[in-house]
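An overview of the molecular structure
The residues making up each chain are set out below.
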Amino acid sequence: MTPIDVIGLGASTVDILSLVDHLPEEDEDMRADDINVQGGGPVATALVTLARLGARTAMIDAIGDDWRGSLIRDEFQREGMPVQYLRIRGGSTSPASCILVKRDNGARSIMWAPGSAPELSASDLPKDAIASAKVLHVNGRHWEACMAAVRIARDAGVLVSFDGGAGRYRAQLDELVPLTDICIVARDFAEKYTRKSDLEDTAGKLLDAGPQLVVMTGGTAGSWVYPREGQAFHQPAYHMPRLVDTTGCGDSYHGAFLFGLLRGMELKRTAAFASAVAAINTQQLGGRRGLPTYDEVNAFLGARGEN
């Protein structure tokens, strides 16, 4: 098998998205401008982003043997990703989300069902695949398996990347963050983890915890990059004249940032590249339909004089 650049451990979902004029009231019958069904999940979408850009990725997860599980597998395969590390739980359902997106500003309402597939255990892990990858990307899902996978990666010299999303902080993750090398988190997560609100204090406390690189994301405010060695800087977001949906923007930023690091891009170029991917992704409904190729990202940056 071709060596894997990034192997991820997390939740793979099915997203059912509707583009609407407004969020419905009770008992309202309303028309949607568009309805789309596609795969989702923070780690999974980051891996699909990497695959679309040209990296070799694989997902570790447990899914049901329902139609949602089949869609999840099929979509990974269309992106050229191997699926042998997906554990199929017979008689179980896979996670799904229903997402309503407002047409005028991209605001969302999300309803989700976690599915009934049991979580992975340490014994489910493909240890050789993890140890031979360049990066392990996690967000704390499948907790027992996640911590075991991180230990396998660290023992093998594999970089550990952590995704801390907005609204997803929990005290249990205090144990995971110090074991990571690349820590890309929403500013909301960073403030809850550090109990700080000042940007510099927050970044300093995250770096003190152990990561070699800390990035805090702030949506339209851009991102702040803090390497352990080198100068910190702010990367502005690219504002598009038309915004359809911000679903998956943070996930695609993560994937693109890892891609830049794997390609040996200079850090400022990596941040610009990741911001460009996230911006391009806002032009389509859902977290994956608008994901660009490597050439499309370079064309986007080139048109802005950032070759």
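See the structure printed just above.
Just so you know, these numbers come straight off a predicted model, no measurement behind them.

A word on the pairing of strand β12 (residues 223–227). Of all the five residues making up β12, five are buried; the element is thus mostly covered by neighbouring parts of the structure. In β12, alternate side chains face the same way, and those of Ser223, Val225 and Pro227 on one face and Trp224 and Tyr226 on the other are all buried. When strand β11 (residues 213–217) meets β12, the two strands line up antiparallel, connected through five bridges. Bridge pairing links methionine 216 to tryptophan 224 in β12. Between β11 and β12, which pair antiparallel one after the other, the connecting turn spans five residues, and glycine 219 there sits at a positive phi close to 65°. Across three bridges, β12 lies against strand β13 (residues 233–235) in antiparallel orientation. Within the sheet, the bridge partner assigned to tryptophan 224 lies in β13 and is histidine 234. Hairpin connection from β12 to β13: five residues lie between these consecutive antiparallel strands, with glycine 230 at a positive phi of about 120°.

Right, let's talk about the packing of helix α5 (residues 187–194) against helix α6 (residues 199–209) for a bit. Relative orientation of the contacting elements α5 and α6 amounts to 70°, with a least axis distance of 10 Å. On the basis of the axis angle, α5 is roughly perpendicular to α6. For α5 against α6, the interelement crossing comes out left-handed. Between α5 and α6, the contacting residues are Arg187, Ala190, Glu191, Tyr193 and Thr194 on the first element and Leu199, Thr202, Lys205, Leu206 and Ala209 on the second. Counted by class, the contact of α5 with α6 contains five nonpolar, two polar and three charged residues.

Among the secondary structure elements, threonine 49 is positioned in helix α1 (residues 42–53). In terms of polar contacts, threonine 49 uses its side chain to reach the backbone carbonyl oxygen of threonine 45, at 2.8 Å. Those residues in contact with threonine 49, other than ones at most four positions away along the chain, are Asp251, Ser252, Gly255, Ala256, Val277 and Leu291.

What follows covers the pattern of salt bridges. Evaluated as defined, the whole model comprises 14 salt bridges. The closest approach of N and O atoms between arginine 56 and aspartate 5, which form a salt bridge, is 3.0 Å. One end of the pair, arginine 56, is in the loop between α1 and β4 (57–64); the other, aspartate 5, is in the segment before β1 (6–9), with 51 residues separating them in the sequence. Here aspartate 174 makes a salt bridge to arginine 195, at a shortest N to O gap of 4.0 Å. Note that aspartate 174 is positioned in the loop between β9 (159–164) and β10 (182–186) and arginine 195 in the loop between α5 and α6, a separation of 21 residues in sequence. Taking the relative accessible area as the measure of exposure, aspartate 174 reaches 29% and is therefore partly exposed.

Here the focus is the pairing of strand β2 (residues 13–20). Summarising burial for β2: seven of the eight residues are buried, a large majority. Bridging between β2 and strand β6 (residues 96–102) involves seven bridges; their strand directions are parallel. Across the sheet, the residue bridging to aspartate 15 is serine 97, located in β6.

Turning our eyes to something else, we now look at the packing of aromatic side chains. Throughout the structure, instances matching the rule amount to nine aromatic pairs. With a centroid separation of 5.5 Å and 90° between ring planes, the pair formed by tyrosine 238 and phenylalanine 300 is classed as edge-to-face. With a gap of 62 residues between them, tyrosine 238 in the loop between β13 and α7 (249–262) and phenylalanine 300 in helix α9 (residues 294–303) connect regions that are remote in the sequence. Like phenylalanine 300, tyrosine 238 is buried. An angle of 35° between the planes, with centres 5.8 Å apart, marks the rings of tyrosine 253 and phenylalanine 257 as tilted. You can see tyrosine 253 and its partner phenylalanine 257 sitting in helix α7, four residues apart, about one turn around the helix.

Let us look at the packing of helix α8 (residues 267–281) against α9. Packed helices, taken two at a time, are described by the angle between their axes plus the distance between the axes. Interaxial distance between α8 and α9 falls to 10 Å at its minimum, and their mutual angle equals 100°. When the interaxial angle is binned, α8 and α9 end up roughly perpendicular. Residues Arg269, Ala272, Phe273, Ala276, Val277, Ala279 and Ile280 of α8 lie in contact with α9, whose contacting residues are Tyr294, Glu296, Val297, Asn298, Phe300 and Leu301.

The backbone phi angle of histidine 142 is positive, close to 55°, even though this residue is not glycine. Residue placement: histidine 142 occurs in the loop between β8 (135–138) and α4 (143–156). The buried category is assigned to histidine 142, whose relative accessible area is 3%. Despite not being glycine, arginine 195 shows a phi value in the positive range, around 60°.

Rules behind the numbers
- Residues numbered from 1 in each chain as written.
- Predicted model: local features only at pLDDT ≥ 70, side-chain atom pairs only at ≥ 80, totals over all residues.
- Heavy atoms only, no water.
- Buried < 20%, exposed > 50% of the residue type's maximum accessible area, 1.4 Å probe, protein only.
- Helix = DSSP H or I, 4+ residues; strand = E, 2+ residues; numbered from the N terminus.
- Pairing = 2+ DSSP bridges.
- Axes fitted to C-alpha atoms, helices over the stretch in contact; angles between N-to-C directions.
- Parallel < 35°, antiparallel > 145°, perpendicular 65-115°, else oblique.
- Left-handed = near helix turned anticlockwise from the far one by under 90°.
- Contact = heavy atoms within 4.5 Å.
- Nonpolar A, V, L, I, M, F, W, Y, C, P; charged D, E, K, R; others polar.
- Polar contact = N/O pair within 3.5 Å; in protein donor to acceptor, adjacent residues only side chain to side chain.
- Salt bridge = Lys/Arg side-chain N within 4 Å of Asp/Glu carboxyl O.
- Phe/Tyr/Trp six-rings, centres within 6.5 Å; stacked < 30°, edge-to-face > 60°.

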